[in-house]
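Observations on the three-dimensional arrangement
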Number of protein chains: 2
Amino acid sequence: MSAAPRLQGVLSPVVTPFGADGAPSPARLLDHCRWLLSQDVGLAVFGTNSEGNSLSLLEKRQLLDHLAAGGIPGQRLMPGTGTCAIPETVELSRHAVQLGCAGVLVLPPFYYKGTGDEGLFAYFARVIEEVADARLRVYLYHIPPVAQVGIGPALIERLLKAYPGVVAGIKDSSGDAGNTALLLREFQPAGFDVFAGNETLLLSTLRGGGAGCITATGNVNPAAIARLYRSWQAPDADAQQAQLDAVRAAFQAFPIIAAMKWALARATGDASWAQVRPPLVALAPDQAQALAQRLDALGFAMPRTEALAAA
Amino acid sequence: MSAAPRLQGVLSPVVTPFGADGAPSPARLLDHCRWLLSQDVGLAVFGTNSEGNSLSLLEKRQLLDHLAAGGIPGQRLMPGTGTCAIPETVELSRHAVQLGCAGVLVLPPFYYKGTGDEGLFAYFARVIEEVADARLRVYLYHIPPVAQVGIGPALIERLLKAYPGVVAGIKDSSGDAGNTALLLREFQPAGFDVFAGNETLLLSTLRGGGAGCITATGNVNPAAIARLYRSWQAPDADAQQAQLDAVRAAFQAFPIIAAMKWALARATGDASWAQVRPPLVALAPDQAQALAQRLDALGFAMPRTEALAAA
């Protein structure tokens, strides 16, 4: 049984649109995914910035079904499937594999602090063995600032030894460039794909032999980020990186999910894009105004309205 | 529609037995619950020490159904129903209410750090309004050392004002006696029931007018803890508290869930009680030996074998 091609390049934790009733909107998610693909950005649906942990298992299954039925190619999909409960992580991961997803992004069981590598190894091992499908490709999701439970080099080494080929890579959202460099040095040569946790480390990650990045702001600035991925050896690569950083900084000055959704609402004229699910909070009017001023000062405009109008 | 009597006294986050296949064992959970009730300890199933967040929504629904079918009275049940995803918290809370549970213990959406009280209020409000049942009684679960997201006085005050009667109390697992004292002073007089997060603060909580405690070690030392609850005004109350503290300290010197399950395995002769679900790890042999020595030194024996044999 042959696996899908390896994921690489720029992916985005796709923001999840909600309707007036608070439920996710499958059609609008599909539309946004199509637009991201048209910009050369892959789909890490149900990530942190997708409010993935705010969605029920059933909602995630149904959204994934809708994307597959809508023709989104599995080889561009890396859904987040990690929960604190092994049976749910197994169910969603298996569903993703059966739909042809090229990989799954798996959080550690983040409620449990201080269990140590022994327990985390057992968690990932149980998930992999219960999914029991040779097509499974697990990307480890290292995001200690949020999860408070990290995935360190010793655990990676042990998992790679136990499940070579299945344990396929990592999203390093530690925010620590030194950690990304270490992962690139230690594990990338063995085919363990290192993705930077956002585009601010995209150029350095590619120069270190990494696979790309998985970044929130891929939702709002996809073309420019994808362009740096394709042209990172060009003379203007550092200048491109600096421009990406400036846009990132503007969004990051606010609660970033609410900020991106506000920008999508503005670009599409669809106010419901601004909705977040509690405990997240939508941007306040003064925050929105401040963000607009920062984006305008950068000459940043989302090339989004027409794409949506045509959909 | 009249609600069940208020929960009070000593409750325990009931440890969850797993079988050889890694699945929870409904019959053994029912048996353990019956034993706890016989010792005058109520049932906070699916709490932290129940490995509640390691169980799927489906597993929790089925276990609750099994307890109800087995005749466990709802007025002694306070299942943990809080997850990061509102639809799942709503579904499990509604199911609990429909089965007659006197209350539900609700964690904040713990994946999301730093959203502030605005977002947390919106989360609890949405849950309460979507459950939409006058019988719902919400107990807030404040456990910042684990959840990393706390429930402070300002949020409690706002929730009490918006949902009087429904917001019924709190389990304070902050480990901060000052916080428990503050809650007792500020909110207990208004009928908001304060439960200490473990028995080490039981006596001080009762002296402050509180409702009792919800404690892990209720699983292994229920009768003595329940006795202090009933006799807290007796002359030997402080001596009782000191004895409880010594037993608690013995279990707490080890990963406490694994330690309690090891003790249950020893007391019942059912080795499978020692099983935990990853990422938790069972006690190592040297840890088990050290725990046994500490318990023996205290003259502590679980009066458990016969109860189980008779079941």
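Residues numbered from 1 in each chain as written. Chains lettered and ligands numbered in written order. Predicted model: local features only at pLDDT ≥ 70, side-chain atom pairs only at ≥ 80, totals over all residues. Heavy atoms only, no water.

**Some thoughts on the interface of chain B and chain A**
At the junction of the two partners, chain B supplies 38 residues and chain A supplies 38 residues. Both sides together, the interface formed by chain B and chain A hides about 3000 Å², and carbon and sulfur atoms give 63% of it. A per-residue breakdown of the area chain B buries against chain A is headed by Tyr-111, Tyr-112 and Pro-279 of chain B, which together make up 25% of the total. Linking chain B to chain A there are 0 salt bridges. On inspection of chain B and its partner chain A, the count reaches 10 residue pairs in polar contact (both at pLDDT 80 or more). Looking at the side of chain B that touches chain A, the elements with two or more residues in it are helix H2 (57–69), helix H3 (86–98), helix H4 (116–131) and helix H5 (144–147) of chain B. With 6 residues, the top contributor of residues to the side of chain B that touches chain A is H4 of chain B. When the residues that make up the side of chain B that touches chain A are grouped by side-chain class, the tally is 22 nonpolar, 9 polar and 7 charged. (Contact = heavy atoms within 4.5 Å. Buried area = accessible area lost by both parts, 1.4 Å probe. Salt bridge = Lys/Arg side-chain N within 4 Å of Asp/Glu carboxyl O. Polar contact = N/O pair within 3.5 Å; in protein donor to acceptor, adjacent residues only side chain to side chain. Helix = DSSP H or I, 4+ residues; strand = E, 2+ residues; numbered from the N terminus. Nonpolar A, V, L, I, M, F, W, Y, C, P; charged D, E, K, R; others polar.)

**Notes on the sheet that holds strand E3 (residues 104–106) of chain B**
All names here are of chain B. As summarised here, the arrangement of the 7 strands in space is E2-E1-E7-E6-E5-E4-E3, forming an open sheet in which the pairing is parallel. Looking at which strands have only one partner, the edges of the open sheet turn out to be strand E2 (42–43) and E3. With respect to the sheet, helix H9 (residues 222–230) is in contact with strand E1 (9–12) and strand E7 (212–214), its orientation differing from that of E1 by roughly 155 degrees. (Pairing = 2+ DSSP bridges. Axes fitted to C-alpha atoms, helices over the stretch in contact; angles between N-to-C directions.)

**What about the relation of the copies chain B and chain A?**
Superposition of chain B onto chain A requires a rotation of 180 degrees combined with a translation of 0.0 Å along the rotation axis, giving an RMSD of 0.0 Å. Such a combination of rotation and displacement between the chain copies is what one expects of a two-fold axis. The C-alpha atom lying nearest the rotation axis in chain B is that of Tyr-111 of chain B; the distance is 4.0 Å. Interface overlap between copies is the fraction of interface residues in one copy that are interface residues in the other; for chain B against chain A it reaches 100%, indicating a shared surface. (Least-squares fit on C-alpha atoms with pLDDT ≥ 70 in both.)

**Comments concerning the state of the cysteines**
Tallying each qualifying case throughout the model produces 0 disulfides over all chains. Cys-101 of chain B provides the cysteine sulfur closest to Cys-33 of chain B, a residue in no disulfide bond, and the two sulfurs are 11 Å apart. Not engaged in a disulfide, the cysteine Cys-84 of chain B finds its nearest cysteine sulfur in Cys-84 of chain A; these two sulfurs lie 6.7 Å apart. (Disulfide = S-S within 2.5 Å.)

**Let's talk about the packing of helix H2 (residues 57–69) of chain A against helix H3 (residues 86–98) of chain A**
Residues and elements named next belong to chain A. Where H2 contacts H3, the axes come no closer than 11 Å and their chain directions differ by 5 degrees. The angle between H2 and H3 places the two elements in the roughly parallel class. For the pair H2 and H3, contact is made by Leu-57, Lys-60, Arg-61, Leu-64 and Asp-65 and by Glu-88, Glu-91, Leu-92, His-95 and Ala-96, respectively. (Parallel < 35°, antiparallel > 145°, perpendicular 65-115°, else oblique.)

**A short note on the confidence of the model for chain A**
The predicted model of chain A has a mean per-residue pLDDT of 95, with 96% of residues at 70 or higher. Scored as a complex, the prediction yields pTM 0.96 and ipTM 0.96. (pLDDT = per-residue confidence, 0-100.)

**Notes on the environment of Lys-261 of chain B**
Residue and element names in this part refer to chain B. You can see Lys-261 is positioned in helix H11 (residues 256–268). Lys-261 sits in the buried class, given a relative accessible area of 0%. Separated by 29 residues in sequence, Lys-261 and Ala-290 place their C-alpha atoms 15 Å apart. Side-chain polar atoms of Lys-261 contact the backbone oxygen of Thr-16, separated by 2.6 Å. (Buried < 20%, exposed > 50% of the residue type's maximum accessible area, 1.4 Å probe, protein only.)

**Quick look at helix H10 (residues 237–252) of chain B**
Helix length check: H10 of chain B, at 16 residues, gives a terminal C-alpha distance of 22 Å against a target of 22 Å (1.5 Å per residue), a fit within 8%. Buried residues belonging to H10 of chain B abut helix H8 (202–207), H9, H11 and helix H12 (285–297) of chain B. (Expected span 1.5 Å × (residues − 1).)

**Side note on the pairing of strand E5 (residues 167–172) of chain A**
All names here are of chain A. Buried residues dominate E5, accounting for 6 of its 6 residues. The pairing of strand E4 (residues 138–142) with E5 spans 5 bridges and is classified as parallel. Along E5, the bridge assignment pairs Leu-140 with Ile-170. Pairing geometry for E5 and strand E6 (residues 193–196), over 4 bridges, is parallel. By the bridge assignment for E6, Gly-169 is matched with Asp-193. Note on the crossover from E5 through helix H7 (residues 177–186) to E6: the handedness is right-handed. (Right-handed = clockwise from strand over helix to strand, strands pointing away.)

**A few points about the pairing of strand E4 (residues 138–142) of chain B**
Residue and element names in this part refer to chain B. Counting buried positions over the 5 residues of E4 gives 5, a clear majority of the element. Burial of E4 is two-sided: the residues Val-138, Leu-140 and His-142 facing one way and the residues Tyr-139 and Tyr-141 facing the other way are all buried. Bridge count between E3 and E4: 3 bridges; the pairing is parallel. Bridge pairing links Val-106 to Leu-140 in E4. In this fold, E3 hands off to H4, which returns the chain to E4; that crossover is right-handed.

**A look at the sheet that holds strand E1 (residues 9–12) of chain A**
Residue and element names in this part refer to chain A. Overall, parallel pairing links the 7 strands, which are arranged E2-E1-E7-E6-E5-E4-E3 in an open sheet. Every interior strand has two partners, whereas the edge strands, strand E2 (42–43) and strand E3 (104–106), have only one. Against the sheet, H7 touches E4, E5 and E6, its axis set at about 160 degrees to E5.

**Quick look at the packing of aromatic side chains**
Enumeration over the complete set of coordinates arrives at 15 aromatic pairs over all chains. Among the aromatic residues, those joined into a cluster by ring pairs are Phe-110, Tyr-111 and Tyr-112 of chain A together with Phe-110, Tyr-111 and Tyr-112 of chain B. Across the ring face of Trp-273 of chain A, the terminal group of Arg-28 of chain A is positioned such that the distance to the ring centre comes to 5.5 Å. Over the ring of Phe-121 of chain B we find Arg-158 of chain B; its NZ or CZ atom is 3.9 Å from the centre of that ring. (Phe/Tyr/Trp six-rings, centres within 6.5 Å; stacked < 30°, edge-to-face > 60°. Lys NZ or Arg CZ within 6 Å of the ring centre and 35° of its normal.)

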